[in-house]
Amino acid sequence: MKKFLIITVCLFVFYSSFSQDNTSDFKLNKDRNLWQKFTYDIENIFGGMGHAYTRPLHWEKKQWNNFLYVAGGTTALYFVDSKVDRWANGWRGDVPRWLADYGNEYGSPNRNYLVTGAVYLTGLFTKDEKLRRTGVLLVSSASAAGLFQQVTKRIVGRARPRANVGSDVFDPFHIDRVKDYDSFPSGHTILGFTNAYAIAKQFKNPWVKAGIYTVGAIPGFIRIVDRFHWISDVAFSIATSIFIVEAIDKYLDKKYDQKYNEITQKSNFEWDLQLGLGRVGVVVRF
């Protein structure tokens, strides 16, 4: 995770040194060279991060309602965290280790940047504008989400399940991470699902989207199985991923000709939290 922070800071310094002026006109220049495209993309990566972080300042009633749904759902799951952890004891050993290895590796920052960087560079060098814009969305979303979870888990300081001290134990406000007290939120879940949600935007078929979401949710599932995180950590992380990708995607709509929101702009990803006696449910529509 320290490498992730170093990479993010280095990218910011690089961006500050080479960002272009008058980008609103520059983006419309079809004859810009490879280097100009690259520096323009770096600017938009950090612009997207800033846009995502400042969105709460512009939220309206619908967005605040969604925030309350997320807060309410996370709180509800908090009260069953220990029960889910004990329930999982009955089948942890049945999960294939190749699946566990995939879930633990795919969500790591090093692997994440290998994937997102490869997508972006492929789009840049092959002059595939859609793939290039997807790469910018991936890198910007993963950087924003990764930095957010790094800061948040140090502030919250929640004990991991494997600490065996309970789901309601916290040791907050540490600059350096304390071993087994950095459970909330789940970095692997955020990075894994952020990538999946961003990639799924390229497809209209709901079954294809559902398949990509399922693969993106594997890191979160495995982190529960291996007792790195509670179910409330994972649920909050998935909601955070969706918010960040949606915010940055709309920001990039203003910067690139390729848009993913033209058809679905009036009916974005929607979900409802359903609470009842002894149950918590989420209904997703996409």
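So, a few notes on the structure that sits alongside this text. Given the structure is predicted, the values throughout are model-derived calculations rather than measurements.

Basis of the calculations
Residues numbered from 1 in each chain as written. Predicted model: local features only at pLDDT ≥ 70, side-chain atom pairs only at ≥ 80, totals over all residues. Heavy atoms only, no water. Helix = DSSP H or I, 4+ residues; strand = E, 2+ residues; numbered from the N terminus. Buried < 20%, exposed > 50% of the residue type's maximum accessible area, 1.4 Å probe, protein only. Contact = heavy atoms within 4.5 Å. Areas by Shrake-Rupley, 256 points an atom, 1.4 Å probe, with all protein chains shown as cover. Core = buried A, V, L, I, M, F, W, Y, C linked by side-chain atoms within 4.5 Å. Patch = residues over 30% accessible without salt bridge, like charges linked within 9 Å, V, L, I, M, F, W, Y side chains within 5 Å. Salt bridge = Lys/Arg side-chain N within 4 Å of Asp/Glu carboxyl O.

## Here we look at the overall build of the chain
A count of helical and extended segments in the chain gives eleven helices and two strands. Listed N to C, the secondary structure of the chain is α-α-α-α-α-α-α-α-α-α-α-β-β in terms of helices and strands. Looking at the 286 residues of the chain, the share that counts as buried comes to 46%. Looking at the chain alone, contacts between residues at least 24 apart form 72% of all its contacts between residues at least 6 apart. Looking at the chain as shown, the accessible area adds up to about 14,900 Å², and 62% of this sits on carbon and sulfur atoms.

## Considering the nonpolar core
Note that soluble globular proteins tend to have their nonpolar side chains buried in a common cluster. The biggest cluster of nonpolar side chains holds 33 residues, and the ones touching the most others in it are Ile45, Val136, Leu137, Tyr197, Ile244, Ile248 and Leu252. Elements represented by at least two residues in this core include exactly helix 3 (34–54), helix 7 (109–125), helix 8 (129–156), helix 9 (187–200), helix 10 (206–225) and helix 11 (231–253). Looking at which element gives the most residues to this core, the answer is helix 11, with seven residues. In this structure Ile45 touches Val136, Val139 and Ser140, once residues within four positions along its chain are discounted.

## Describing a nonpolar patch on the surface
A cluster of nonpolar residues, Leu34, Leu121 and Phe125, forms a patch on the protein surface that exposes about 290 Å² of accessible area. In this structure, Phe125 sits in helix 7.

By themselves these figures say nothing about function.
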